[in-house]
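# Residue-level structural notes
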Amino acid sequence: HFLDMGIIPSAAVTMVKHAPMGDPVEVRIHGYELTLRLDDARKIEVGDVRDASEVRDDPSVRKPVPHPGLGEGGKFHDKDEENPLPEGEPVTFALVGNQNCGKTTLFNQLTGSNQHVGNFPGVTVDRKDGVVRGHPEAQVTDLPGIYSMSPYSSEEVVTRRFLLDERPRGIINIVDATNVERNLYLTMQLMELGFPMVLALNMMDEVEGNGGTIDVNEMEELLGIPVVPISAVKNEGIAELVDHALHVARFQEPPIRQDFCAPDEHGGAVHRCLHSIMVLIEDHAERAGIPSRFAASKLAEGDALVLERLDLDQNEKEALEHIVRQMEAERGLARPPPIADMRFSFIGKVCSRTVVKPKESREHARSMALDRVLTGPLTAIPAFVAIMALVFWLTFNVVGAWLSEALDAGIGLLT
């Protein structure tokens, strides 16, 4: 999970602040804030400790560009395809995204009241299914919020099992536009599955309102999937998102790009490793119903569930280990860090060419100012005592006294 969060070898980590009692700590990595307990943080080795320096965007390299309006974009929609699904044939979608990216809000906007809640078979993880408003043939399943397709939690296992076994017609991947770099890690793994997919850039109104922008057309070109800016809270861009999702599902348009390893980086070690594994397991992956690219990256990470499902013989397992050990030797890293590094390297290139980060919002500045008082090393405990004293005074002398007198008078009248 550290790797999924972007804590990979050579990553720059900036200390942001400590909690009043010293635990947990908040750090900044890959453009977002991550909170760690000290017991977890001790497992991470840090070198080259120095004072943080502000890294400014070079305006000559990345100028703000006017992104399409909410719901616009998706040039893939204009292509002329053949052999679409018959009109009215049921279409199933999986709604996938990180936690706290607006997934539930988008699901409610898509389905309205046409939804039901249950559990995935064999687990207690909730699932929500609903019919897309205005499209009775389209059903969407809200999958648990996850950060990657690694099998470390029941939510991740459930999501992966649903995608591989249920094989939905399409994927709607919702991404927090204010934190693109973090969210795209899951997007890349979803694209490796090869399912028709559309990317929903949520909270684009906040990005634009704070002076930032995202070049949607350029992002589409780099990722090879339709990208639609939306605001789930304001119900803006939802109709256009549904149109694009139905389009890629009916014409079964897979992502144009599913290979993110550049053969010229780090001697091409990861590139050679993944493509060698794909050749080795191609027939097994086809029989197991797992996309070979997805299976190869998971085997390189050491995913035991995928290895078991492919049912390789002993010679193939030994060949697999030899391929992975060769990559480890060339990169100087044990698996799975090289795979995570490959993904974040590609994400960094995409964001450097498409994302101009917004200025600090007034809400965030206000929150930081309050934090300096409420969580400061000298002011936190006095502030806590003062707040609790105020709560007790209101409870027992203001609100509590009035309620007590009202209850006593009511009992007296009843008696």
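Residues numbered from 1 in each chain as written. Predicted model: local features only at pLDDT ≥ 70, side-chain atom pairs only at ≥ 80, totals over all residues. Heavy atoms only, no water.

## Points about the sheet that holds strand β1 (residues 14-18)
Rules: Strand pairing is defined by DSSP finding a minimum of two bridges between the two strands. Here a strand is any run of E in DSSP of at least two residues, a helix any run of H or I of at least four, and the numbering for each starts at the N terminus. A fitted line through C-alpha atoms serves as each axis, taken over the contacting stretch for helices, and the angle formed by two N-to-C directions is quoted from 0 to 180°.
Taken together, the 3 strands give an open sheet; going across it, the order is β1-β2-β3, and neighbouring strands pair in antiparallel fashion. The outermost strands of the open sheet, each flanked by one partner alone, are β1 and β3 (32-36). For this sheet the average axis-to-axis angle between neighbouring strands, irrespective of direction, equals 30 degrees. Here β1 runs beside strand β2 (residues 25-29); their pairing, made up of 4 bridges, is antiparallel.

## Details of the packing of aromatic side chains
The cut-off we apply is this: In summary, the pairing rule links any two rings of Phe, Tyr or Trp, Trp by its six-membered ring, whose centres are within 6.5 Å, and it sorts them by plane angle into stacked for under 30 degrees, edge-to-face for over 60 and tilted for everything else. A 1.4 Å probe rolled over the protein chains alone gives each residue an accessible area, and that area as a share of the maximum for its type sets the label: buried under 20%, exposed over 50%, partly exposed in between.
Applying the stated criterion to the full structure yields 3 aromatic pairs. Between Phe 260 and Phe 346, the ring centres sit 4.9 Å apart and the planes meet at 55 degrees, which makes this aromatic pair tilted. Residue Phe 260 is located in the loop between α7 (238-250) and α8 (269-288), and its partner Phe 346 is located in helix α12 (residues 337-354); the two are separated by 86 residues in the primary sequence. With respect to class, Phe 260 is no different from Phe 346; both count as buried.

## Brief notes about α12
Definition in use: The length a helix should cover is 1.5 Å for every residue beyond the first.
With 18 residues, α12 should cover 26 Å at 1.5 Å per step; its first-to-last C-alpha distance of 26 Å lies within 8% of that length. Taken across its 18 residues, α12 has 13 buried, putting it largely inside the fold.

## What to know about the pattern of salt bridges
If charged atoms from side chains of opposite charge come close, those side chains can pair. Rules: The salt bridge definition used is simple: a Lys or Arg side-chain nitrogen within 4 Å of an Asp or Glu carboxyl oxygen.
Tallied over the entire structure, the rule returns 21 salt bridges. Of the charged contacts in the structure, one is a salt bridge between Glu 33 and Arg 28, with a shortest N-O distance of 2.7 Å. You can call Glu 33 partly exposed: its relative accessible area is 36%. Connected through salt bridges with shared partners, the residues Glu 192, Arg 293, Lys 298, Glu 301 and Arg 343 form a single ionic network.

## Section: unusual backbone geometry
Here the amide bond leading from Asp 23 into Pro 24 is cis, since omega sits at 10 degrees, within 30 degrees of zero. Relative to the elements of secondary structure, Pro 24 occurs in the loop between β1 and β2. Residues Arg 335 and Pro 336 are joined by a peptide bond in cis, for which omega reads 5 degrees. Relative to the helices and strands, Pro 336 is located in the loop between α11 (314-331) and α12. Despite not being glycine, Asp 48 has its phi angle at roughly 55 degrees, a positive value. Within the fold, Asp 48 resides in the loop between α1 (38-41) and β4 (91-97). On the basis of relative accessibility, which here comes to 57%, the residue Asp 48 falls in the exposed class. The backbone phi angle of Asn 235 is positive, close to 60 degrees, even though this residue is not glycine.

## Some remarks on the pairing of β2
Counting buried residues along β2, 4 of its 5 residues qualify, which places the element largely inside the surrounding structure. A loop of 6 residues connects β1 with β2, the two strands running antiparallel in sequence, and Gly 22 in this loop sits at a positive phi of about 95 degrees. Note: β2 against β3, 5 bridges, orientation antiparallel. By the bridge assignment, Val 25 is partnered in β3 with Leu 36.

## Details of the confidence of the model for the protein chain
Inclusion rule: As a per-residue quantity, pLDDT reports the predictor's confidence and falls between 0 and 100. We call two residues contacting when some pair of their heavy atoms lies within 4.5 Å.
When pLDDT is averaged along the protein chain, the result is 85; 88% of the residues meet or exceed 70. Across residues 56-65, confidence stays below pLDDT 50; counting only partners more than four residues off in sequence or on other chains, it has 12 contacts.

## Observations regarding the pairing of β3
Burial along β3 is one-sided: the residues Tyr 32, Leu 34 and Leu 36 are buried and none of Glu 33 and Thr 35 is. The turn joining β2 and β3, which pair antiparallel and follow one another in sequence, is formed by 2 residues; a positive phi near 55 degrees is taken by His 30.

## Observations regarding the environment of Asp 259
Assignment of secondary structure puts Asp 259 in the loop between α7 and α8. A residue is classified by how much of its surface remains accessible, and Asp 259, at 25% relative accessible area, is partly exposed. Here the alpha-carbon distance between Asp 259 and His 271, two residues 12 residues apart in the chain, equals 9.0 Å. Apart from residues no more than four positions distant in its own chain, Asp 259 is found in contact with His 271, His 275 and Arg 293.

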